[in-house]
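# A structural walkthrough
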Amino acid sequence: MHPSVALEVRYGANNYATLPVTLIRGQGIYLWDDTGKRYFDCMSAYSAVSHGHCHPKLVQALQDQLKMLAVVSRAVYTDPLGPFLQKACELTGFDKALPMNTGAEAVETALKAARKWAYIVKKVPANEVEIIACENNFHGRTLAIISMSSEPQYRGGFGPFLPGMKLIPYGDAEALEHAITPHTAAFLVEPIQGEGGIIVPPEGYLKKCADICKKNNVLLLCDEIQTGLGRTGALLACHHEQVQPDGITLGKALGGGLLPVSLFLSRTEVMDVFHPGDHGSTFGGNPLAAAVGKRSLEVLMEEDLITRAADSGRYFMSRLQELSSPRIKEVRGKGLFIGIEINKPYDAHELCLKLLEKGVLTKDTHKTVLRLAPPLVITREEIDEVVEIIRQVLK
Ligand code: PLP
């Protein structure tokens, strides 16, 4: 065991069920542990490392900016921020963007924007606003966000919760129609539920939700923190249904696997509810984050990572579907966002431990689903190697 493990256990909070491995180096889709053993990274830090580990263009952008200016706060203008926000807005088709650091902060920003928009624009009476979210969602871990979670472990011991949150079943557009009231500000939804188990809703779901929201003057907010930036084989997962939401959250891969960088993007009418002092973050939009964020978007396009994710994802999924094993209940997903649901009484966590032994790093969700979300740069040959290891482990 690496000596740092004992220190982490002794001095760290016990809030992660850590896999028994100490990683010391990463390059592309590969990771190496302290004994020199190599692993295929099939979790990409929960989709944060879509470009691959230590992408040379991104490391270069980070180093170039580091030599100039790193952090000064938003009390002043800095030269990388404007071009980063412009790039993000132009690529995604939104008017404005508000930079934060983590995904949860971007979601908090979306919730605050929606609430204030509802009071100012929709004229909902003071303190009456409702936000609708889905059962089985994962939007982060803050108190506002767990107030709309249906997962007992995320909530247990952390009440009281924020009022004004309503939950409906995922994938059921009619439930949304019924849940909306004149006080509803927004519907917040993941286009594919990630931490919930790579749950793909019925085709046409998001489009129906978009139409319902529009008809009822309710904002459609898509959490694309995990599904966005090419992961599902489209720039945004909502593009699979030609939906342009009123706002989205981006994070994870936006930081190029190097830094925490997140954004809330929206139409002007929504973003304009914010005035100086309403909202912010010391580190949000700092020069380092802005330089890396802009470069991560450029590299996504330069290296055609979105098409590659779509092609590789189709190939990976078809190879996995060929595996006939009594342990597999279903293989599902889109692009390189794939879940293998494991039949009971088999345990996806135990399979992850076996895969780790054989050199494939991934993490289950809720012990029932094996997640496969490698960096988007993975090749067919590498997919073949991973599938072969999975085949052996399933045996
Ligand atoms: N939203 C979604 C869809 C996520 O998958 C996650 C993290 O897994 C988050 C929000 C929270 O992001 P962070 O952990 O950066 O706060």
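Right, let's walk through the structure included here. (Residues numbered from 1 in each chain as written. Predicted model: local features only at pLDDT ≥ 70, side-chain atom pairs only at ≥ 80, totals over all residues. Heavy atoms only, no water.)

## Observations concerning the sheet that holds strand S11 (residues 328-334)
Stated formally: When DSSP finds two or more bridges between a pair of strands, those strands are recorded as paired. In DSSP terms, a helix is any run of H or I states spanning at least four residues, a strand is any run of E spanning at least two, and both are numbered starting from the N terminus. The contact criterion used is simple: two residues touch if any of their non-hydrogen atoms lie within 4.5 Å. Note on method: axes are straight lines fitted to C-alpha atoms, helices fitted across the in-contact stretch only, with angles between N-to-C directions ranging 0 to 180 degrees.
With respect to topology, 4 strands assemble into an open sheet ordered S11-S12-S15-S14, the strand pairing being antiparallel. The open sheet has two edge strands with one neighbour each: S11 and strand S14 (364-365). Here 2 bridges tie S14 to strand S15 (residues 369-372), and the two strands are oriented antiparallel to one another. Its bridge partner lying in S15, Thr365 is registered against Val369. Strands in contact with helix H12 (residues 305-322) are S11, strand S12 (337-342) and S15; relative to S11, the strand with the most contacts, it is inclined by about 175°.

## As for the packing of helix H4 (residues 81-92) against helix H11 (residues 287-302)
Our working definition: By convention, the crossing between two helices is left-handed when the near helix turns anticlockwise from the far helix through less than a right angle, and right-handed when the turn is clockwise.
Axis separation between H4 and H11 bottoms out at 8 Å; the angle between their running directions is 35°. Here H4 and H11 pass one another in a crossing that is left-handed. Two secondary-structure elements touch here, H4 through Leu81, Pro83, Phe84, Lys87, Ala88 and Leu91 and H11 through Ala290, Gly293, Lys294, Leu297, Glu298 and Met301.

## Quick look at the packing of aromatic side chains
The condition that has to hold: Each Phe, Tyr or Trp ring, with Trp reduced to its six-membered ring, pairs with another whose centre is within 6.5 Å; inter-plane angles below 30 degrees give stacked pairs, above 60 give edge-to-face pairs, and intermediate values give tilted ones. Note on exposure labels: buried denotes an accessible area under 20% of the residue type's maximum, exposed denotes more than 50%, and partly exposed covers the range between, all computed with a 1.4 Å probe on protein chains only.
In this structure the tally under the stated criterion is 4 aromatic pairs. Where Tyr30 meets Phe40, the ring centres are 5.3 Å apart and the plane angle is 50°; that geometry is what we call tilted. With a gap of 10 residues between them, Tyr30 in strand S2 (residues 30-33) and Phe40 in strand S3 (residues 38-41) connect regions that are remote in the sequence. Taking the relative accessible area as the measure of exposure, Tyr30 reaches 15% and is therefore buried. For Phe40, a relative accessible area of 5% corresponds to the buried category.

## So, H11
So the rule is basically this: Each residue after the first adds 1.5 Å to the expected span of a helix.
An ideal rise of 1.5 Å per residue puts 22 Å on 16 residues; H11 measures up with 22 Å between its terminal C-alpha atoms. Summarising burial for H11: 13 of the 16 residues are buried, a large majority. A positive phi of about 50° marks Asp304, the residue just after H11.

## Considering the pattern of salt bridges
So the rule is basically this: Salt bridge criterion: a side-chain nitrogen from Lys or Arg within 4 Å of a carboxyl oxygen from Asp or Glu.
Per the stated rule, a full pass over the model turns up 20 salt bridges. Close ionic contact of Lys57 with Glu303 constitutes a salt bridge, the shortest N to O distance being 3.1 Å. Of this pair, Lys57 sits in helix H3 (residues 56-68) while Glu303 sits in the loop between H11 and H12, and the two are 246 residues apart along the sequence. Look at the salt bridges and you will find they share partners, linking Lys57, Lys294, Arg295, Glu298, Glu302 and Glu303 into a network.

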